Each structure stands twice: as structure tokens, then as C-alpha cells.
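A structural walkthrough
For reference, the chains in residue letters:
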Amino acid sequence: PGCLELFEVLDKTLHAKLPSCNLVFLSARPHLYKSVMEEGSYRLFRSLVLDERRMHTFPTMLPGDRNYSVRGFLASLCLGTKGWRKVGEHKYVTFSNYAELYPEYD
């Protein structure tokens, strides 16, 4: 089994008889004009859920921040992968804020 099967098993173990979606993806891509950056990811999700039936649910996607993304890209030119550290820290804060909305999913 692959990661899509793992996502499904983990999602259904909370309450097997109640449908839910606790699948959340973090993206470094920022939310820009009319969701241009997110549309590619949602197109993939739509295909995996509806066309291929390989994913059991539509996930939530938390977008990145334009300023962190630009700074991360520029810093990575000099620092390599270390230049993306602030982007990762911002993702952590974004997810922590999201998780506070749903304390029942600890």
C-alpha cells in the first residue's frame, strides 16, 4: 500500500462509522489572485478523488505566504535548502493555528 491508502486508514480510525476529513496538506505556494497557485493542486486532488478514485476524500490545503516564499527562494540561492527554513517555520505556525480550530483532533 502507498500513502493514499495510509491517509484513508488514518482518516477512518477516528470514528469508523462517521465520515470525516482530517487530511490537511501544507503548501509553500502562496494564495494569489483568484487561487491561481492552488488550482493545480486542487485539480490533482479532484482527479485522484473523482476520476481515478485513488483518494477517499478532498483534503484541506493550507497555502503558504508570498513573502516567505519569495524570501525562501532568494535565500536558497545562497544557502541551499537552509534558505527554506523560515518557510517551514511559517508552515508550522499556519498548521498550529489551524489545529487550534479543531481541538477534538489532537
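Being a predicted model, the structure only gives us computed values, none of them experimental.

Under the defined criterion, the tally for this structure stands at five aromatic pairs. With a centroid separation of 5.3 Å and an interplanar angle of 20°, the aromatic rings of F25 and F45 are classed as stacked. Here F45 lies in helix α2 (residues 36-51) and F25 lies in strand β1 (residues 24-30), a separation of 20 residues in the sequence. Judged by its relative accessible area of 6%, F45 falls in the buried class. Ring geometry for Y42 versus F45: centroids 5.6 Å apart, planes at 85°, classification edge-to-face. Within this pair, Y42 and its partner F45 are both found in helix α2, separated by three residues, close to a single helical turn. For Y42, a relative accessible area of 26% corresponds to the partly exposed category. Through a chain of ring-to-ring contacts, the aromatic side chains of F7, F25, Y42 and F45 assemble into a single cluster. Across from the ring centre of Y68, 5.6 Å away, lies the NZ or CZ of R71, which sits over that ring.

Definitions and cut-offs
Residues numbered from 1 in each chain as written. Predicted model: local features only at pLDDT ≥ 70, side-chain atom pairs only at ≥ 80, totals over all residues. Heavy atoms only, no water. Phe/Tyr/Trp six-rings, centres within 6.5 Å; stacked < 30°, edge-to-face > 60°. Helix = DSSP H or I, 4+ residues; strand = E, 2+ residues; numbered from the N terminus. Buried < 20%, exposed > 50% of the residue type's maximum accessible area, 1.4 Å probe, protein only. Lys NZ or Arg CZ within 6 Å of the ring centre and 35° of its normal.

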